[in-house]
Amino acid sequence: MTLHAEIPFDQTDLATLLEHGDAAALDALGFGVIGFDQDGQVKRYNSFESQAAGLRAERVLDQDLFLAVAPCMNNFMVAQRFADARADGTALDDIINYVLTLRMRPTKVRLRLLYQPGATLAYVLVQRP
Amino acid sequence: MSIANDHPDAQEYEALLQFLYMAPVGLVQLAADGAIQMLNPLSAQLLMPLSRDGGLTNLFEALEPVAPDLRLLCANFAEPQGQVCDAIRLYLHADDKSGGPQVMSLSMLKLGADRLMAVLTDVTVQDRRERQLRKTDAWLNAIMTNITDYALVSLDRQGRVESWNESIERVTGYDSAAIKGQHYARFYPDGATTEAQQLDRLREADENGWTLDEGPRLRADGSQFWGSAMISPLPLRSDEAASAGACASTQPVVADDEAAYCMIIRDISDKRDISEDLRKASYSDHLTGLSNRRAFFEAADLELKRRKKAARPVALIAIDADHFKAINDRHGHPAGDAVLAHLAQTMRSVCRQVDVLARIGGEEFAVILPSVALDDALAIAERLRAEVASTPAMYEQQSIAYSISIGVAVMDDALDGFDGLIKRADEALYAAKRRGRNQVAVWQPPVTEQA
């Protein structure tokens, strides 16, 4: 199965699909995808997210996600969940309601927090209502 | 709209966006009613954990649990523009177990009739540092401030006045017969201190070399003045020091009725007037004049530290006005405010001066009762409930009857922080609400299955 626009945000095996999907595949999705490594550096940033935030990927890649790209998630509700999952080596797959400040406008979104033990990248997926 | 645009304006726009995304302070633009129009990510980082409905639509609502008087503060700001508040401290948790920031700083600027700007920063670390510094400041003030008059009192090991001199009479009006042999609590108004607290101060002086406190003091004729009192242990005479060392005891060997401490009481009523406004602004709730969350958490911290040194009861009662939203809806916000002010006044009339009375949320109040065990705390809570139930608040010649629900909890060794105690008092409060309101409930440990 490949990635395409109709893939639902809450599809179960999404972590594996993202892992194997290339940049073009991620860009085909109908929600935002941010992948980051264990140092918190953004390694993947799809075009849906880029459009919503108003930033091109080259401005964001290799930046620290929670300090320079999305400080709004740098609290126990998001950043801490990833830190705990990595530290404990446990899987994280949860959907929460959140408010992002896309172009400084408060925007209600659903965030899916994804991490599989042993994986290089963790993912935040962003769905706008 | 496409952003893959190389036009210079598009790049400028993108750079500006990123600048705001990365700004290390929270910025929020809001309408006069608190509706959030724009905000940057750091604001969301700080505000989202406070949001009760998972959204961020109104700043006053988002901050209500920690700054209940913000809406009123902004509404009362009459100037067309200017600074509504400057770096006021918002206290999120009593201790650091919950993680994340515990203290935020908030500045509000009015830019026009329907536009406000808020600046939020996490000042948890700074706040901790300042608390340390303040202690040092109080000590320096005690020494450096210009002294008009002071009384020099020697106390025995139990805190009783050991001998009389003229300075005592000048400052407090007591003659020798009336004060000699009396406990130093005689200088405090009724209810301003507890026995455990007085012994604490002596112990603190033993450990630190000094202890300092400020507050209302009583003269022989019953009149009050604002006093600062410093107590320090008297140095042992060399022969006593030698014998103290010889018997390997850390307690100085002084007979019970010999001078063991020196206490200096200064009348600082003048100085107090100047600093009082400043103190009020940062430590009391704008509407009720009770302690705000900042003062409340600092007092709790102090009381728990004392409890660690010497075991004693500490009780907490959590109070919530019943159906408060209905009162606001029916009579309007100003009437609601009058009810809260009335409740605060009733709390003052029922509690002692040593108790810490605070407004900790919109219609939520709490009282820390030092050295009070469960039975007495329940009695006080019940008296408060009954008093409120029998005396309606008045607003514009209109009598508004209301009631309160109360939860009572006491500190025990199973709890290691104040947040835990608050949680228990809150649970008891919800139990009182569930049982039909206008009542007092005490915290019950969860039922556990035991063989």
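In the block above lies the structure referred to throughout.
Report follows, based on the coordinates. (Residues numbered from 1 in each chain as written. Chains lettered and ligands numbered in written order. Predicted model: local features only at pLDDT ≥ 70, side-chain atom pairs only at ≥ 80, totals over all residues.)

Turning next to the overall build of chain B. When helices and strands are counted, chain B shows 15 helices and 17 strands. Looking at chain B as a whole, 33% of its 451 residues qualify as buried. A fraction of 59% describes how many contacts in chain B between residues 6 or more apart in sequence connect residues 24 or more apart. (Helix = DSSP H or I, 4+ residues; strand = E, 2+ residues; numbered from the N terminus. Buried ≥ 20, exposed ≤ 12 C-beta atoms within 10 Å, placed from the backbone. Contact = placed C-beta atoms within 7 Å.)

Residue and element names in this part refer to chain B. An ideal rise of 1.5 Å per residue puts 24 Å on 17 residues; helix 14 (residues 374-390) measures up with 24 Å between its terminal C-alpha atoms. Within the span of helix 14, buried status applies to Ala377, Ile380, Ala381, Leu384, Arg385 and Val388. Viewed along the axis of helix 14, the buried residues span an arc of 135 degrees, placing them on a single side of the element. Structural note: helix 14 exposes Asp375 and Ser390 on the side pointing more than 90 degrees away from its buried face. The inward-facing, buried residues of helix 14 abut strand 11 (314-321), helix 13 (333-350), strand 13 (364-370), strand 16 (404-410) and strand 17 (440-442). (Expected span 1.5 Å × (residues − 1). Arc of directions from axis to C-beta.)

The next thing to look at is the interface of chain A and chain B. It is common to give the size of an interface as the accessible area lost on bringing the parts into contact. Each partner contributes residues to the interface: chain A has 25 residues there, and chain B has 23 residues. The set of elements that each furnish at least two residues to the side of chain A that touches chain B consists of helix 3 (47-53), strand 3 (92-102) and strand 4 (105-115) of chain A. Counting residues per element, the side of chain A that touches chain B draws most heavily on strand 3 of chain A, at five residues. Tallied by class, residues from the side of chain A that touches chain B come to 12 nonpolar, eight polar and five charged. (Nonpolar A, V, L, I, M, F, W, Y, C, P; charged D, E, K, R; others polar.)

Once that is clear, we can look at the environment of Ala87 of chain A. All names here are of chain A. With respect to the helices and strands, Ala87 occurs in helix 6 (residues 79-88). Judged by the 8 C-beta atoms lying within 10 Å of it, Ala87 is exposed. Ala87 sits 30 residues away from Pro117 along the chain, and the two C-alpha atoms are 9.6 Å apart.

Residues and elements named next belong to chain B. Judged by how many residues are buried, strand 13 sits mostly within the fold: six of seven residues are covered. The pairing of strand 11 with strand 13 spans seven bridges and is antiparallel. By the bridge assignment, Ile317 is partnered in strand 13 with Val367. Pairing of strand 12 (residues 356-359) with strand 13 involves four bridges; the strand directions are antiparallel. Counted as the bridge partner of Arg359 is Phe365 from strand 13. Connecting the antiparallel pair strand 12 and strand 13 is a turn made up of four residues. (Pairing = 2+ DSSP bridges.)

Here we take up the packing of helix 13 of chain B against helix 14 of chain B. All names here are of chain B. Between helix 13 and helix 14, the least distance of the axes is 10 Å, while the angle of their chain directions is 135 degrees. Relative to helix 14, the element helix 13 is oriented oblique. As for the relative orientation of helix 13 and helix 14, their crossing is right-handed in sense. Residue-level contacts link Leu343, Thr346, Met347 and Val350 of helix 13 to Ile380, Arg383, Leu384, Glu387 and Val388 of helix 14. (Axes fitted to C-alpha atoms, helices over the stretch in contact; angles between N-to-C directions. Parallel < 35°, antiparallel > 145°, perpendicular 65-115°, else oblique. Left-handed = near helix turned anticlockwise from the far one by under 90°.)

Once that is clear, we can look at the sheet that holds strand 2 (residues 42-45) of chain A. Residue and element names in this part refer to chain A. One open sheet accounts for five strands, arranged 2-1-5-4-3; its pairing is antiparallel. What marks the edges here is a single partner per strand, and that holds for strand 2 and strand 3. Sheet twist, expressed as the average angle between the axes of neighbouring strands with direction ignored, equals 25 degrees. In the sheet, strand 3 pairs with strand 4 via 11 bridges, with the strands oriented antiparallel. Residue pairing for strand 4: Asp93 is matched across the bridge by Leu114. Packed onto the sheet, helix 6 meets strand 3, strand 4 and strand 5 (122-127) and runs at close to 5 degrees relative to strand 4.

Now for the packing of helix 12 (residues 324-331) of chain B against helix 13 of chain B. All names here are of chain B. As a packed pair, helix 12 and helix 13 sit with axes 7 Å apart at the nearest point and diverge in direction by 135 degrees. Classified by the angle between their axes, helix 12 and helix 13 sit oblique to one another. In this structure, helix 12 contributes Phe324, Ile327, Asn328 and His331 to the contact, and helix 13 contributes His333, Ala335, Gly336 and Val339. In terms of residue class, the contact of helix 12 with helix 13 is built from four nonpolar, four polar and no charged.

All names here are of chain B. Inspection of the sheet shows strand 1 (residues 26-30) paired to strand 2 (residues 36-39) by three bridges, in the antiparallel sense. Among the inter-strand pairings, Gln29 is bridged to a residue of strand 2, identified as Met38. The turn joining strand 1 and strand 2, which pair antiparallel and follow one another in sequence, is formed by five residues; a positive phi near 95 degrees is taken by Gly34.

The values reported here are purely geometric and, on their own, carry no functional implication.
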